[in-house]
Amino acid sequence: MHLHDLWFVVIALLWVGYFFLEGFDFGVGILTRVLARGETERRVLLNTIGPVWDGNEVWLVTAAGATFAAFPDWYATMFSGFYLPMFVILLCLILRGVAFEYRHKRDGERWKRNWEAIVFVTSLVLAFLWGVLFAAMVHGLPIGADHEYHGGLAELVQPYALLGGVTTTVLFTFHGAVFASLKTVGSIRHRARHLAQTAGGLTVLLLLAFLTWTQVGTGNVRSLIAEAVAVLAVLVSLGFNFGAREGRAFVASGLSVVASTAMLFLALFPQVMPSSLNAAWSLTATNAAAGSYTLGIITWVAGFATPLVLLYQGWTYWVFRKRIGVQHIPVAAHAPVHRVAP
């Protein structure tokens, strides 16, 4: 395997990891307005992701940095072509982080309600926009012979891309509901499990529609297998969820996110950004890659740093592995959301 092919796989794995982790993170943020009944239950939901949300975003930073180092042309074309939606994504990530940190700074009900609303809105927007951008990238964009984006915002607002955004939003909400049922106790746990059943059925329909559209357009045998795994994983998760086996249900819902994301990259390879103007102008893993010397250096760096990051993040999840309920929320709590241990 050539180094540029290896780094395509690495970047795909980074995005897979990001969507697996931030998928339930965004889903829980959406559920603060859909599932929670009152301020205390919203705090319960926020505390399920409080210790880990910022660590999950490391995967996004690493994916962007790896793309910049390994595929500078891909990075330049993607970030310039998606400039406006990327700006919105960055703004939402900032506001979401601020909301987690500032919600507890004052006791006023209106103050807390406004920051909680920001968590909900930014989670919803992020879940939708990531689906739109990845769907647009797989579908093809007006990229010229100079490997520059020659379109506008209208090229991103197409039926296939919008379907991708709706699909990721519902999939992440389902993933978040399963995670909430795994991490909570009491009535909110049972309502999360019930909501997961409803969201899961809709997820199956949307995944079938979106991934089949992808398969018909640019798919291959490997992407077809990934599509089958994604849909079957949701069905398996629904079965475990119905039997109140939340741990297994979460593993299966996570597998559906992993397989769905992998399916897009499998359908994309060896291209990284297909051109809708001329197939010969598409960016590929070969023509968009950095030099072999650069790829060799970052391979050694990644080989050293990756195990350390995985060990640290795994330790974080282990420390905060217990469930949480309304009985664990003190009245007029002042502790930052990200420091509340279950």
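Computed from a predicted structure; not experimentally measured. (Residues numbered from 1 in each chain as written. Predicted model: local features only at pLDDT ≥ 70, side-chain atom pairs only at ≥ 80, totals over all residues. Heavy atoms only, no water.)

A.B. asks: With reference to specific residues and values, describe the pattern of salt bridges.
C.D. replies: For the structure on display, the rule yields 9 salt bridges. Residues E116 and R42 are paired through a salt bridge, measuring 2.6 Å at the closest nitrogen-oxygen approach. Here E116, found in helix 7 (residues 109-139), pairs with R42, found in helix 2 (residues 39-49); they are 74 residues apart in sequence, far enough to count as distant. In this structure, E116 and R42 share a single accessibility class: buried. Across the salt bridge formed by R113 and E109, the nearest N and O atoms sit 3.5 Å from each other. Placement of the pair is R113 and E109 together in helix 7, with a separation of 4 residues, close to one helical turn. The exposure class of R113 is partly exposed, given its relative accessible area of 35%. Taking relative accessible area as the criterion, E109 reaches 62% and is therefore assigned exposed. Residues joined in a network through salt bridges with shared partners are E39, R42, R103 and E116. (Salt bridge = Lys/Arg side-chain N within 4 Å of Asp/Glu carboxyl O. Helix = DSSP H or I, 4+ residues; strand = E, 2+ residues; numbered from the N terminus. Buried < 20%, exposed > 50% of the residue type's maximum accessible area, 1.4 Å probe, protein only.)

A.B. asks: So what's going on with the environment of Y102? Residues and values would help.
C.D. replies: Residue placement: Y102 occurs in helix 6 (residues 83-102). For Y102 and W115, which are 13 residues apart along the polypeptide, the C-alpha to C-alpha distance reads 7.4 Å. For Y102, the contacting residues outside a window of four places in its chain are W111 and W115. (Contact = heavy atoms within 4.5 Å.)

A.B. asks: Which residues make up helix 4 (residues 58-70), and what values do they have?
C.D. replies: Between the first and last C-alpha of helix 4 there are 18 Å, a value that for 13 residues agrees with the 18 Å anticipated at 1.5 Å per step. For helix 4, the full list of buried residues reads W59, L60, A63, A66, T67 and A70. Viewed along the axis of helix 4, the buried residues span an arc of 130°, placing them on a single side of the element. Seen from the buried face of helix 4, the exposed residues on the opposite side, beyond 90 degrees, are V61 and F68. On the buried face of helix 4, the contacting elements are helix 1 (3-34), helix 3 (53-56), helix 5 (72-81), helix 6, helix 7 and helix 12 (292-319). (Expected span 1.5 Å × (residues − 1). Arc of directions from axis to C-beta.)

A.B. asks: If you had to explain empty space enclosed by the protein to someone new, which residues and values would you point to?
C.D. replies: This structure, assessed with the given rule, holds 2 cavities of 30 Å³ or more. Computed from the structure, the largest cavity encloses a volume of approximately 160 Å³. Elements with a minimum of two residues in the lining of the largest cavity: helix 7, helix 8 (159-183), helix 9 (187-218) and helix 11 (246-268). A class-by-class count of the residues in the lining of the largest cavity yields 10 nonpolar, 6 polar and no charged. When its volume is computed, the second largest cavity comes out at roughly 40 Å³. The wall of the second largest cavity is formed by W15, M78, F82, M86, W130, L133, F134 and M137. Per element, the largest residue contribution to the lining of the second largest cavity is 4 residues, and it comes from helix 7. Each residue belonging to the lining of the second largest cavity can be placed in one class, and the counts come to 8 nonpolar, no polar and no charged. (1 Å grid on protein atoms, 1.4 Å probe; cavity = no way out; pocket = protein on both sides within 12 Å on 5 of 7 lines; lining within 4 Å. Points joined across faces, edges and corners; volume = space filled by probe spheres on them. Nonpolar A, V, L, I, M, F, W, Y, C, P; charged D, E, K, R; others polar.)

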